[in-house]
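Coordinates in review
Below are the chains, spelled out letter by letter.
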Amino acid sequence: MAARAAPRKKTTKKSKVSGKIANFSESEEMKAYYDMLLIRRFEEKAGQLYGMGQIGGFCHLYIGQEAVVTGINMALTEGDQSITAYRDHAHMLAVGLDPKGIMAELTGREGGLSKGKGGSMHMFSREKHFYGGHGIVGAQVSIGTGLAFSNKFNGNGSVCITYMGDGASNQGQVYESFNMAKLWNLPIVYIIENNQYAMGTAIARASSQTDFSQRGVSFNIPGQKIDGMDVRAVYAAAEEAVKYARENGPIILEMMTYRYRGHSMSDPAKYRSKDEVQRMRAEHDPIDQVKMRILEGGLATEDDLKDMDKKIRAIVTESADYAVNCPEPDASELWTDVLIES
Amino acid sequence: MAIEILMPALSPTMEEGKLSTWLVKEGDTIVSGDVLCEIETDKATMEVESIDEGVIGKILIEAGTEGVLVNSVIAILLMDGEDASAMDDIKPQAAAPVAAAEPEAADAPAAPVIEVPQSDEIPEGTTFKQQTVREALRDAMAEEMRNEENIFIMGEEVAEYQGAYKVTQGLLEEFGAKRVIDTPITEHGFAGLGVGAAFGGLKPVIEFMTFNFAMQAIDHIINSAAKTLYMSGGQMGCPIVFRGPNGAASRVGAQHSQDYTAWYANIPGLKVVSPYSAEDAKGLLKAAMRDPNPVVFLENELLYGVTMDVPEIEDFVLPIGKAKIERAGTDVTIVSHSMGVKLALDAAEILAEQGISAEVVNLRTIRPLDTETIVESVKKTGRMVTVEEGWVRCGLGAELTAVVMDGAFDYLDAPVARVTSKDVPLPYAANLEKLALPNANDVVAAARKTCYAD
Ligand SMILES: Cc1ncc(C[n+]2csc(CCOP(=O)(O)OP(=O)(O)O)c2C)c(N)n1
Ligand SMILES: [Mg+2]
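Quick summary incoming for the structure in this document. (Residues numbered from 1 in each chain as written. Chains lettered and ligands numbered in written order. Predicted model: local features only at pLDDT ≥ 70, side-chain atom pairs only at ≥ 80, totals over all residues. Heavy atoms only, no water.)

Section: the overall build of chain A
If you tally the helices and strands in chain A, you get eleven helices and seven strands. Each of the three principal axes of chain A carries a C-alpha extent, and together these read 60 × 55 × 45 Å. In the structure as shown, chain A presents an accessible area of about 14700 Å², 52% of it carried by carbon and sulfur atoms. Looking at charge distribution, chain A has the averaged site of its 40 positive side-chain charges lying 8 Å from that of its 43 negative ones. (Helix = DSSP H or I, 4+ residues; strand = E, 2+ residues; numbered from the N terminus. Areas by Shrake-Rupley, 256 points an atom, 1.4 Å probe, with all protein chains shown as cover. Lys, Arg positive; Asp, Glu negative; His and termini not counted. Charge placed at Lys NZ, Arg CZ, Asp CG, Glu CD.)

Some details on helix α10 (residues 286-296) of chain A
Residues and elements named next belong to chain A. Among all positions in α10, only Pro286, Ile287, Gln289, Val290, Arg293 and Ile294 are buried. End-on, the buried residues of α10 take up no more than an arc of 160°, which puts them together on one face. Those residues of α10 that are buried lie in contact with α1 (26-51), α2 (66-74), α8 (231-247), α9 (274-284) and α11 (302-325). Sitting at the head of α10, Asp285 places a side-chain oxygen 3.0 Å from the backbone nitrogen of Ile287. Just beyond α10, the residue with positive phi is Gly298, at close to 70°. (Buried < 20%, exposed > 50% of the residue type's maximum accessible area, 1.4 Å probe, protein only. Arc of directions from axis to C-beta. Contact = heavy atoms within 4.5 Å. Polar contact = N/O pair within 3.5 Å; in protein donor to acceptor, adjacent residues only side chain to side chain.)

Points about the site of ligand 1
The full set close to ligand 1 counts 22 residues, and Tyr86(A), Arg87(A), Ala168(A), Asn195(A) and Glu187(B) are the nearest of them. Chains contributing residues near ligand 1 are chains A and B. Gly135(A) places a main-chain nitrogen or oxygen 2.8 Å from a nitrogen atom of ligand 1. Note that an oxygen atom of ligand 1 is positioned 3.1 Å from one of the side-chain N or O atoms of Asp166(A). Considered on its own, ligand 1 offers 580 Å² of accessible surface; in the complex 95% of this is hidden by protein. Here the residues of the shell around ligand 1 sort into ten nonpolar, eight polar and four charged. (Near = heavy atom within 4 Å. Nonpolar A, V, L, I, M, F, W, Y, C, P; charged D, E, K, R; others polar.)

Looking at the coordination of the magnesium ion (ligand 2)
Residues and elements named next belong to chain A. The protein atoms that coordinate the magnesium ion (ligand 2) are Asp166 (OD), Asn195 (OD1) and Tyr197 (O), at distances of 2.1 to 2.2 Å. The sequence pattern describing where the donors of the magnesium ion (ligand 2) fall on their chain is D-x28-N-x1-Y. Of the two residues, Asp166 sits in the loop between β2 (160-165) and α6 (172-183) while Tyr197 sits in strand β4 (residues 197-198), which places them 31 residues apart along the sequence. Of the residues examined, Tyr197 reaches a relative accessible area of 9% and is grouped as buried. (Donors = N, O, S within 2.8 Å, 3.2 Å for Na, K, Ca; no water.)

A look at the sheet that holds strand β3 (residues 29-30) of chain B
Residues and elements named next belong to chain B. The strand order across the open sheet formed by four strands is β1-β8-β6-β3, and the pairing between neighbours is antiparallel. With partners counted over all chains shown, the strands left at the sheet margins are β1 (3-6) and β3, one partner each. Note that β3 and strand β6 (residues 54-59) share two bridges and pair antiparallel. From the neighbouring strand, Ile30 faces β6, where its bridge partner is Gly54. (Pairing = 2+ DSSP bridges.)

Comments concerning unusual backbone geometry
Leave glycine aside and you will find that most residues have negative phi; peptide bonds, for their part, are mostly trans. All names here are of chain B. For the bond running from Arg367 to Pro368, omega is 0°, close enough to zero to count as cis. Tracing the backbone shows Pro368 in the loop between β20 (365-367) and α9 (371-381). Despite not being glycine, Gln162 has its phi angle at roughly 70°, a positive value. Note on placement: Gln162 falls in the loop between β10 (151-155) and α2 (171-175).

Regarding the interface of chain A and chain B
Contact residues are listed per partner, giving 44 residues for chain A and 37 residues for chain B. Here chain A packs against chain B, burying approximately 3300 Å² in sum over the two surfaces, 63% of which is carbon and sulfur. Applying the counting rule to chain A against chain B returns 14 residue pairs in polar contact (both at pLDDT 80 or more). Where the side of chain A that touches chain B is concerned, the elements lending two or more residues are α4 (99-106) and α7 (203-206) of chain A. (Buried area = accessible area lost by both parts, 1.4 Å probe.)

Describing the side chain of Asp259(B)
Residue and element names in this part refer to chain B. Within the secondary structure, Asp259 sits in the loop between β13 (241-245) and α6 (261-265). Despite its burial, Asp259 pairs with no opposite charge; the closest candidate is Arg418, at 13 Å N-O. A polar contact is formed between the side chain of Asp259 and the side chain of Thr261, at a distance of 2.4 Å. When neighbours within four sequence positions are excluded, Asp259 is seen to be in contact with Asn246, Gly247, His337, Glu389 and Gly390. (Salt bridge = Lys/Arg side-chain N within 4 Å of Asp/Glu carboxyl O.)

Let's talk about the pairing of strand β5 (residues 45-49) of chain B
Looking at chain direction, strand β4 (residues 35-40) of chain B and β5(B) are connected through five bridges and run antiparallel. Looking at β5(B), one finds that Glu38(B) is bridged to Glu47(B).

Considering the environment of Leu363(B)
Residues and elements named next belong to chain B. Considering the arrangement of structural elements, one finds Leu363 in the loop between β19 (358-362) and β20. Once the C-alpha coordinates of Leu363 and Leu270 are considered, the two residues, 93 residues apart in sequence, prove to be 16 Å apart. Setting aside its immediate chain neighbours within four residues, Leu363 contacts Lys322, Ala323, Val335, Ser336, His337, Leu369, Ile374, Leu396 and Leu400.

Side note on a negative patch on the surface
A cluster of acidic residues, Glu15(B), Glu16(B), Glu40(B) and Glu66(B), forms a negative patch at the surface. Among the secondary structure elements, Glu66(B) is positioned in strand β7 (residues 65-69). (Patch = residues over 30% accessible without salt bridge, like charges linked within 9 Å, V, L, I, M, F, W, Y side chains within 5 Å.)

Functional significance is not addressed by these values, which are geometric in nature.
Next up, the structure:
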């Protein structure tokens, strides 16, 4: 008889979080700070626009998890692809897409990345090798595996970064994909963004094996647990993993991370305590960590960072203005893009 | 008795083949397992082994012969001690037909009667309470769970979170974690688990956060739940309810907005229920949970919060398979279900102002379809408009049209008009979404068209 999962004793040994930390140069430190702050300010603005009724439907914010996509993208080379689920705004910013196009998609306007037809969960950019933006939990994992397959097929040397949540990693197709990825040694890095919750479900209530880095064991896919709140640790792991994937085949990185906001805008997040969130913010904030190092190392002054913040806020505000003032798609767009006309 | 060796069928579709080579000759002694000859089917060359022992008395079909019919005699095997005279009364004969005799056709029996009230009449003097559709659904589940201990509810966020759309509010508290169970995000897995539990004697209610995610699980809904009773010759019933919101919500884009009514309605072995009102929700969900068959119960997220009348009748159960006339009229019949009923009622109101009297049929159940109510209504009005949120091609409207062709062709005064979503994936942009979904004005226009009113 099925019963609710109770907190259980772990029978397997827990993986240790990798202690490897990249030695950031001055410019890397500053870049990581900038990139993460851009994500945070963008997401804050998106939350605000949602509250104003400018963004409809679902809207999943990435606040708290910024170090993950930022560190990973610092380790990629041109041509590497990425794909994720619906919590995707940051992934697009991190691959260098214009905030205006992203924000205008959130508001459903013609200047959006999908001409307003996709919405926040469904955005894509061929130019930046970003393959979505998927609303169906787990679907991106098989698709990402297919992108890696195409890389191997074409011999182009590219790696596909395939992101999924802790919740997604329980879907059956994830394991079908793992098996094929290893069977054919496809160049893919699976990133499990373990933010501790899938909507209101804490990992221990949904997963018999909560050590997600070990989810590839029965497929002979190596895995590592990484402090996903420390962008240097993410970068160090990503650099190695991407190299490994290019040369050998699939690898899993479990990113220990945390989302500060609710699952989506309508989630009151009653399944966790305010304290828990507060503790993560105060002790592990990915942006504060870099900021502290920058100030302590004398890489910039408090005023310099304030200036940077101002610049970023200006970019984000500009994207919001654009997104709100941009016209809705023309009515004729309703009928386009259903099939390619031949 | 000499044994006849027959041309074997070596694939399910093989009716004839080429006997390419003999590997034995007349007079050879053979034991079972010896290869006698090779034959070519439409797909491959196969060896034919003997299953008997004896001496090859006669080879009747020469090597190299094409088009040898399955089951024709290709050689005679003499048993121990027999001589050639044993073959005297065996003559080469035409092949016996492989195909089974033409089956005799039988009419489909009437749908089995289920043990819920056959009447949907609400007695005079019944009082009503105001409830949201959400509360009506919750009450239906709670009432049934109190009466039947084998019912459990399983799905994503149904327990501690109280349901992603709060439909299972309070159920964990009342029934405990044994019967209200949060799952991992593994739709295919827990849908299959539900089917197995139903085979095992339980009565699962499987909630899909939305039916869009049931596409992950549709194999179990159709191949496992719907077909097993039939495949087991009636042994293995599957009393299960698959429920959750179906169709468009609000601005959640193409992957979260599909109407699956026509998909499930296509499947024999399923019942498909789609309530509109709180009354429907209460009475039909209770019926679904009592039904011995798999029921796909299609709710609508936008209706969850709408408050309507629910009859204060103890144990209020509605019959599955019976439509309801929501509004009587004489000029045109508007047939719909779920959210479409709201559009139809709104349209009927507008039409009334324009002097057109519309009758609104709320299907309630899509499979089995209450063809009688539809046909009777169309016989009266002579016109029909169908309203659905699904796409037009092979949709519910097409089926309803066929029903009317069958049952009321001579009564029709105008071609049936279908109101559906536009034939595109649902766009996110607010303006495009509005254009894509059907609305009351579309229904009005369609009704006026059937009345040649413009
Ligand atoms: C197949 C499928 N089932 C259910 C959902 C509803 N849903 C959307 S997000 C989500 C939780 C996913 O959690 P996780 O994978 O941990 O990602 P996170 O939201 O934490 O980034 C659920 C259940 C869905 N979109 N697709
Ligand atoms: Mg998560």
